[in-house]
Structures are given as structure tokens and as C-alpha cells.
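This is what each chain is made of:
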Amino acid sequence: MTAISARPTAADPSVQTPPATAESPAAATAGPAAGKQQSLTFAKALTLAMADSMAADDAVVVFGEDVGVLGGVFRITEGLNKRFGQERCFDTPLAESGIVGMAVGMAMNGMKPVVEMQFDAFAYPAFEQVVSHVAKMANRTKGKVRLPMVIRIPYAGGIGGVEHHCDSSEAYYVHTPGLTVLAPSTAVDAYLMLRDAIRSPDPVVFLEPKKLYFAKEDVDIDALRAAYESTAQATSIGRAVIAREGTDATLIAYGPSVPTALAAAEAAAAEGRSLQVIDVRSLVPFDDETVCAAVRRTGRAVVIAEAPGFASVAAEIVARVQERCFHSLAAPVRRVTGFDIPYPAPKLEQHYLPGVDRILDVVDELQWEDQ
Amino acid sequence: MNQLSTPALTQEQMLPSQQPVRLIDESGTAAVGRTYKENYPLPAEQTLLRGYAQLVTGRRINDQASALVRQGRMAVYPSSHGQEACQVAAAMCLADGDWLFPTYRDTVAVMARGVDPVQVMELLRGSWHSGYDPYEHNVATQSTPLATQLLHAVGVAHAAKLKGQDTVVVALCGDGASSEGDFHEALNFAAVFHVPVVFFVQNNEYAISVPLSQQSVAPSLAHKAIGYGMPGERVDGNDLAALLAVLGNAVQRARSGGGPSLVEAHTYRMQSHTNADDASRYRTADEVSAWEPRDPLLRLRTYLLGANLLTEADEGRIAAEAESVAKVLRDGLNADVSVDPQDLFRFVYSEPTPQLLEQAQLLGEELSREGATS
């Protein structure tokens, strides 16, 4: 597969962290002012999660295409090869089925592989391994062979990428029982959820919204790490979170659509409408409880996702909410998704992606006249 | 990169022998006069005798399993009738800590490795997709998708290397699987990472109905090895002595840090792909009968008798051993198997999701209603 090394158009060069030191790439992000609030990008939160996981557990190994010396085309594995050595973070031949298939065997023999698929659409050659083995091995062996492995996939659009670099491929994975499928939307969740994924005894498909890689948050990294390491159980897997409180309607989003939903809520607030935003985070297992409790309070819901809407995760969420919350609903649950077309070329993607206006138009249609 | 500093192999070392290695010919006499790329000594007498007993048991397993399918006790059985020497050799060449990665046709190899015969048959009797604990004998589940297991074998070997384990992995596949992309990726990964895997291709001439000539026009499948920078070797797949020698050599190479290699056994699938197949639609009876004199049991028996290594008492004992395995199979598969419907939900995740708990409850209620009305 030829990978085109695209950087998010939103990337701010000033975000780039200095090169990792031999002792600790984490130090490059943690910096000398550890213990205080500091700027952390989504990308560096992922790097930190892998570095901390590798430091905590010798069984964790990272491999894929260009992840070694280069640090990955998005630099998510930057510094890991240097810090942990060639055996712990290494480049593979350019073959995605090979990467995932080898990870299955390594997981069978006691390792915890974290593999990188370079781009969403370049993960497709690995599809048979993912569907037929990664997802099914534990069930096939009645739990005798568990595969603690993570398949990291930079995914979705909004970065001006060329064809095959912007797919929202989550539906393929969520439709495959046996996979845990996660899609964080914040730097803090990027860290916590990737650590949870690596610690999980089950295989995880970890979807990283490319357009958020260089989004920044102020984080106390030491406190974040300490908080994570003080918990024995995964706190993010199977748990949705309320990203913004609101009372009139609930926007349900995940991954790259969460910031869009938040922007829509902000715009709605200016117009006097209070929108709640749910960040689903964990597509599988799905948190019916949190999502449905939220919708029951507002009585109205719109699901937002970039992927084509037909037979999609958004479609599933609509169905689940409608089945469970019917008597609390004041209007049909709606969806704002990508069109049912192949992901468009860069100059057309703004027409495809769910945006604030399209979301607010649908919110306006939630039968407010019946109130 | 990850490679050991072993000297690069020459092209001669990577190309297979001109002819498949054969140590005992079809008439049952030790073949002499042939030279191969390596010197392959005839295995020790006791090894051959033990191997012969395994061949007889393997043939009995194949016959018994096919009979159980006809009797409706198993859903399907892909027989390795005619390929028993490959099956037995694949198991015999391994040490206890080594791993075997079998396919659906490698039931005899799995049982020869020591896995409980009735547990092995759970796949084919249809009570679960795999019935044994892979860690008990280091035998992976029998792979139904072609060539995918070769990459798992590479991964187990790669982890073994990183952990400093003295482990060799033998990965089985057929001639058809050599066309799959995963075959290529597995051999390439194994070579690049220089891991201890022996890829063992049982070329039985057919992938269901498609003959080898439509699968590959390479000089031999073993010739593919040089393209990955590893040694390839060809062996008569109906000659247990040659198989033990060639596979033993390959396993020893892997164990001593010499990296992966590819072994192609020339053999023949004497029966249909499975009981659901009709081989007469794509090959002639004459073609099949031409392989009958090359039978792996016949050949080794003739050799052992000629060398006064096999007595009448031995034969009686060997037949009784084989029959005892067949009885285990018959008894196990004639007994009704109990399946627990709640197992459907137990192993999909380490902890069932809330959704699976709901579905498990639904099924449980359905079953209790049925139980109440029946």
C-alpha cells in the first residue's frame, strides 16, 4: 500500500514537541514543569499512553509501518523506538494482514501487541485477520486463548486527505462480535482509553480521529497518570460521558464529531436553546444506560457521525434509543451523518461532513411546535 | 535489523534439491545413489518403527472418522487418507515446547501430537468451533481460512525469540494456500524477522477441484523459498523416513538460530476434499489408482519387514493400538454431546457486555418456557 503522509491541515507547527530524549520520550511531553497544567495534544497523549504502558509492562510491544525510527507518519510512536529499543517498537514489512496476523501469534505467546494501521483504508488488507481471528479466537477456544492486542487506526476525514486516507470504517468493526471498538475525542481520553485498551484482556480496535491529532488541552499529566495507575479496572471501556450539559435536546456523537457537536451546542446556546452533548467514546461495548438516561431527560436526540448513515453506528444508536426511550421522546430521533457516497475529494469534503449548520437545522426540526 | 548475524545463504542453499528427497522408495527399499542438497541420513530404526505405528493409527483415524460421518455422528471430515506420513512427521519432528499450527485437514497430526481425539472432533461434529486447549500441547486451533494461521505461527515464533524461549513452530498448509496473500506475508515476515518457523506445505495436488497446475507454474512450491531469502526443500510426502529427515533438519536449523525454511511434501489426496465433495467430477479413477502403490504405510511396512524390524507380534500390537484410538473416537462420538446454550455468550469477551447479558437472559427465558411446555 502506498501511504501518503498527510498531516492534518489544522496542524499547528508550534504544537510540535521537541525530540524525545534517550531516557524518556515522555519527558518531552511531561516537561520540566510536571505537576502543573500544560498543553497536551491528542497525538502526544497517545504517545504518552504507549510509553507509560510499555514502561509498566514488558509484554507491550509496538509495531507497524514506519513506526520505528520515523515515529509513524503522524509521529504517534515518536521516541518509542529510541527509548525502548528495536525489540519493543519496530517497523514491519509493508503488509497489514501480516502485521495483524503476527500480532495474533505474539498475543498467543504472552505479548501485548499494539499495532498501527497507517490509515483507515489501509487497514482493509488486514480485514480477514481481524474478523476471522482477532475477533473470534477467544470464543473459538472458550476463553483459553485471549488476544490482548490493540489495533490503532488513524481514521475519518476533515484533513484534506486524498482518497483512501479519510474513511470512517467503524461500522465494519462494530459489526464484528468479539472486538472492543473505542473512539476518543479528547486528549485526556486519548491517554486514558489507549491505556485501558492496552490493559484490556480483549482485542481492541482503537479509532483515532486524525483531525483531532493536533488539538490541544491543558492537562496535569502527572495527575492524569497517577489517576490512571490508581485504578485497577478500565474506566472508559463501555462508558459514555456527558461532554456538555443541556436540557432541551441531546446530541450524541463520538470521535471526530464530538467537537462539531460541542460547537453546535455553543451556537444553539447563543440562540437560547440548551443542547446536551454525549460523547459515546466506547462504540462497543455501547453504554445504553448513560445515553438513554440522558435522552429521557431531554426527550429529543440527534445522533451525529461522519460515516455514511446507511446501516451505520448512527443508525444503531437511533434504533437503540428509540426502542428504549419511546415514551420519553417528544420527537423522532434523528441523524446527521455523512452522505451515502465514497468519501469525497478534499475540495468537496466540507459539503460531506456533518457541520454545525446541518446539525442545527435538524435540531430545529425536532417538533418543537408540539411542546 | 532483528536478524542474527548469521552468514547469508547462497542461492544453492536456498534452492530445493532437484528431485524430492526420498530415502525409501516405492518398493520399500532404501533409496541409494541420489544426491540432495543436504545429506539426509535414514532415521533410526526405532524412530521408523514408532513412526509406522503412528501411520497405522493415523490411517485408522481417517477411516473411522469417515465412517462416523456416514453414520451421521459427525457433520463433515476432510480426510488426510494418503497423507498420513506428512501428518505423523509434522508431529514427530517437534519437541514438547514447540508449536504446531494445523489446518482442518490435519486432524491426524493434531492427534499424533497428543491432543485428545474426541476434543479434536468437536470442530467437525459441530459442538464448538474448537474443542481443545491450545496451550495443553502447544497446538493452535485447526485453521479453516487458508494460510491465515501461518502468520500466527510467525507471531508465536517472534514472541518466543523476544522472550528467549527455545521454541520452534511448524506451520502446516496445502498447495492451494500457497496462492493466498497471507502465505506470502507470513514467509516474508518470518524471513525478515529471522524467526524459528518451518513452513510445511502438503502439496496433495488439489485445492478441492483445482489442480496444482492452475495454482502455480513455479518449478516447485519449494522454489518460492528463495524469493524470501530462506531455504526450500522438496520431499516425497509418502516417505516417512524422508519426511522425518527433512523436517528434522529444518526444525534443527530453526532451533539453532538459522531462521525459517519452507518444506514442500509431494503427496496426494486419495479421497474427495470432504464427504460433501465428488472427486470424480474433476479427476480420473486411473489418476487416483496410480497413487495407490505409493501408499506411505505400504512402503514403510515393506521396508521394515525386509529389514526384519517388524515382527508379527509388533503388527498385532500396532493394530491393537490403532483400534483403541478408533474405539475412543467411536465411543466419544456415539455418545450424545451436551452443549450449553449459555456458552454462546460466555466467551465473546472476557466479561459479557450488557447487551450480551440481555441476550443471554432472553435465550434463557425462551429455553425455560420450552422446558416448561415440553
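These figures come from a predicted structure and were not determined experimentally.

We now examine the domain arrangement of chain B. Partitioning chain B into domains gives domain 1 (11-339) and domain 2 (341-374). Taken over C-alpha atoms, the centre of domain 1 of chain B sits 40 Å from the centre of domain 2 of chain B.

Residue and element names in this part refer to chain B. Spanning 16 residues, helix α11 (residues 240-255) covers 22 Å between terminal C-alpha atoms, matching the ideal 22 Å at 1.5 Å per step. Across the 16 residues of α11, 12 count as buried, placing the element largely inside the fold. Listed as buried for α11 are L240, A241, A242, L243, L244, A245, V246, L247, A250, V251, R253 and A254. You can read the cap of α11 off the contacts: a side-chain oxygen lies 3.1 Å from the backbone nitrogen of A241, and it is on D239. The positive-phi residue at the C-terminal boundary of α11 is G257, with phi of around 90 degrees.

With that out of the way, let us pick up the UniProt feature "domain: Dehydrogenase E1 component" (unreviewed entry) in chain B. Under the feature "domain: Dehydrogenase E1 component" (unreviewed entry), the UniProt entry names residues 56-323 of chain B. Along residues 56-323 of chain B the backbone is 45% helical and 12% strand, and the end-to-end C-alpha distance reaches 9 Å.

Here the focus is the domain arrangement of chain A. Frequently, the measure chosen for interface size is the accessible area removed from exposure when the parts meet. Residue and element names in this part refer to chain A. Domain annotation for chain A reports domain 1 (37-229) and domain 2 (241-366). On a C-alpha basis, the centroid separation for the pair domain 1 and domain 2 is 26 Å. Contacts between domain 1 and domain 2 engage 26 residues on the former and 20 residues on the latter. Roughly 1,800 Å² is buried in total at the junction of domain 1 and domain 2, and carbon and sulfur atoms are behind 58% of that figure. When the buried surface of domain 1 facing domain 2 is broken down by residue, E170, S185 and K211 rank first, second and third, together holding 22% of it. The salt bridge involving D189 is made with R281; its shortest N-O contact spans 3.0 Å. Breaking the side of domain 1 that touches domain 2 down by element, the ones donating at least two residues are α7 (170-174), β6 (180-182), α8 (187-199) and β7 (204-209). Across the side of domain 1 that touches domain 2, the residue classes tally to 15 nonpolar, seven polar and four charged.

The subject of this paragraph is the layout of surface pockets. The space that makes up the largest pocket amounts to roughly 670 Å³. Those elements giving two or more residues to the lining of the largest pocket turn out to be α8 and α11 (288-298) of chain A together with α16 (354-373) of chain B. Of the residues assigned to the lining of the largest pocket, the class counts are nine nonpolar, eight polar and nine charged. Roughly 560 Å³ of volume is contained in the second largest pocket.

Now for the UniProt feature "domain: Transketolase-like pyrimidine-binding" (unreviewed entry) in chain A. When the UniProt feature table is mapped onto this chain numbering, "domain: Transketolase-like pyrimidine-binding" (unreviewed entry) sits at residues 40-215 of chain A. Spanning residues 40-215 of chain A, this segment combines 36% helix with 17% strand, and its end C-alpha atoms are found 8 Å apart.

Quick look at the interface of chain A and chain B now. Listed as interface residues are 48 residues of chain A and, on the opposing side, 42 residues of chain B. Carbon and sulfur atoms supply 60% of the area buried between chain A and chain B, which totals about 3,700 Å² over both sides. It is M108, N109 and K142 of chain A that lose the most area in chain A upon contact with chain B, and together they represent 18% of the buried surface on that side. Connecting chain A to chain B are two salt bridges.

Evaluated as defined, the whole model comprises 41 salt bridges over all chains. For R330 of chain B, the salt bridge identified is with E323 of chain B, shortest N-O distance 3.2 Å. Taking the relative accessible area as the measure of exposure, R330 of chain B reaches 25% and is therefore partly exposed. Judged by relative accessible area, which is 32%, E323 of chain B ranks as partly exposed. Overlapping salt bridges, with partners in common, bring together D288, E316, R320, E323 and R324 of chain A together with E358 of chain B in one network.

This part covers the side chain of N238 of chain B. Residue and element names in this part refer to chain B. Considering the arrangement of structural elements, one finds N238 in the loop between β6 (232-236) and α11. At 2.7 Å, the side chain of N238 and the side chain of T267 are in polar contact. N238 has contacts with G82, A85, H266, T267, W291, R294, P296 and R299, leaving out every residue within four places of it along the chain.

For the structure shown, the criterion picks out 20 aromatic pairs over all chains. On the basis of an interplanar angle of 75 degrees and a centroid distance of 6.4 Å, the ring pair of Y213 of chain A and F214 of chain A is categorised as edge-to-face. Note on Y343 of chain A and Y352 of chain A: the rings are 5.1 Å apart at their centroids and 70 degrees apart in plane angle, and the pair reads as edge-to-face. Of the two residues, Y343 of chain A and Y352 of chain A, neither departs from the other in class, the shared state being buried. Taken together, the ring pairs connect F42, F74, F119, F122, Y213 and F214 of chain A into an aromatic cluster. The cationic tip of K142 of chain A hangs over the ring face of W128 of chain B; the distance from NZ or CZ to the ring centre is 4.8 Å.

Right, let's get into the nonpolar core. In terms of nonpolar packing, the biggest core is built from 95 residues, with M108 and I252 of chain A together with F199 of chain B touching the most fellow members. Here this core gets eight residues from one element, more than from any other, and that element is helix α4 (residues 96-108) of chain A. Leave out the neighbours within four places in its chain, and M108 of chain A touches M137, V145 and L147 of chain A together with W99, F101, Y135, A140, H152 and V156 of chain B. Formed by 65 residues, the second largest nonpolar core is a distinct cluster that contains L172, A241, A254 and L309 of chain B.

Residue P285 of chain A is bonded to the preceding V284 of chain A through a cis peptide linkage, with omega at -5 degrees. Locating P285 of chain A in the fold gives a position in the loop between β12 (282-284) and α11. Non-glycine residue N138 of chain B carries a positive phi angle of around 55 degrees. Looking at the secondary structure, you find N138 of chain B in the loop between α7 (134-137) and α8 (148-163).

With that settled, consider the sheet that holds strand β2 (residues 169-174) of chain B. Note: strands within a sheet are paired through backbone hydrogen bonds, in either parallel or antiparallel orientation. Residues and elements named next belong to chain B. One open sheet holds the five strands; their spatial order is β1-β2-β3-β7-β6, and the pairing between them is parallel. On the outer flanks of this sheet lie β1 (99-101) and β6, each paired with one strand and no other. Along the sheet, successive strands turn relative to each other by an average axial angle of 20 degrees, direction set aside. Here five bridges tie β6 to strand β7 (residues 261-266), and the two strands are oriented parallel to one another. Looking at the pairing, R234 lines up with E264 of β7. Packing of helix α3 (residues 84-92) onto the sheet brings it into contact with β1, β2, β3 (197-203) and β7, and relative to β3 it is tilted by some 170 degrees. Sitting on the sheet, helix α9 (residues 181-193) touches β2, β3 and β7, and the angle it makes with β3 is about 150 degrees.

Cut-offs and rules
- The numbers attached to residues start from 1 for each chain and follow its sequence in the written order.
- Following the order in which they are written, the chains are lettered starting with A and the ligands numbered starting with 1.
- Residue-level local features of this predicted model are given only where pLDDT is at least 70; pairs of side-chain atoms are given and counted only at 80 or more, and the full residue set underlies all totals for whole chains, interfaces and linings.
- Calculation of side-chain values draws on the structure's entire complement of heavy atoms; hydrogens and water are dropped beforehand.
- Domain ranges listed in this record stem from an automatic or a database domain assignment.
- Under the DSSP-based scheme used, a helix requires at least four consecutive residues in state H or I and a strand at least two consecutive residues in state E, with every element numbered from the N terminus.
- Between the first and last residue of a helix there are one fewer steps than residues, each counted as 1.5 Å, and that sum is the expected span.
- Partly exposed describes any residue whose relative accessible area lies between the buried limit of under 20% and the exposed limit of over 50%, with all areas from a 1.4 Å probe on protein chains only and scaled to the type maximum.
- Two N or O atoms form a polar contact when they lie within 3.5 Å of each other; inside protein one atom must be a possible hydrogen donor and the other a possible acceptor, and for residues adjacent in sequence the pair counts only when both atoms belong to side chains.
- UniProt positions are given in the numbering used here, feature names are shortened, and annotations may be inferred rather than shown by experiment.
- Pairs of residues are marked as contacts when any of their non-hydrogen atoms sit within 4.5 Å.
- Summed over both partners, the accessible surface that disappears when two parts come together, traced with a 1.4 Å probe, is what is meant by buried area.
- The term salt bridge refers to a side-chain nitrogen of Lys or Arg lying within 4 Å of a carboxyl oxygen of Asp or Glu.
- Gly counts as polar in this scheme, as do all residues outside two lists: the nonpolar Ala, Val, Leu, Ile, Met, Phe, Trp, Tyr, Cys and Pro, and the charged Asp, Glu, Lys and Arg.
- Using only the protein atoms, space was sampled on a 1 Å grid; points where a 1.4 Å probe fits but cannot get out form cavities, open sets with protein on both sides within 12 Å along at least five of seven lines form pockets, and lining residues are those with an atom within 4 Å of a point.
- Grid points are joined across faces, edges and corners, and a volume is the space filled by probe spheres set on the points.
- Two aromatic rings from Phe, Tyr or Trp, using only the six-membered ring of Trp, form a pair when their centres are within 6.5 Å; if the ring planes differ by under 30 degrees the pair is stacked, by over 60 it is edge-to-face, and anything between is tilted.
- In this scheme, the term charge over a ring applies when either NZ of a lysine or CZ of an arginine sits within 6 Å of the ring centre and within 35 degrees of the ring normal.
- Definition used in this section: a nonpolar core is a set of buried Ala, Val, Leu, Ile, Met, Phe, Trp, Tyr and Cys residues joined via side-chain atoms within 4.5 Å.
- What makes two strands pair is DSSP finding at least two bridges between them.
- Lines fitted to C-alpha atoms define the axes, with helix axes restricted to the stretch in contact, and inter-axis angles between N-to-C directions lie between 0 and 180 degrees.

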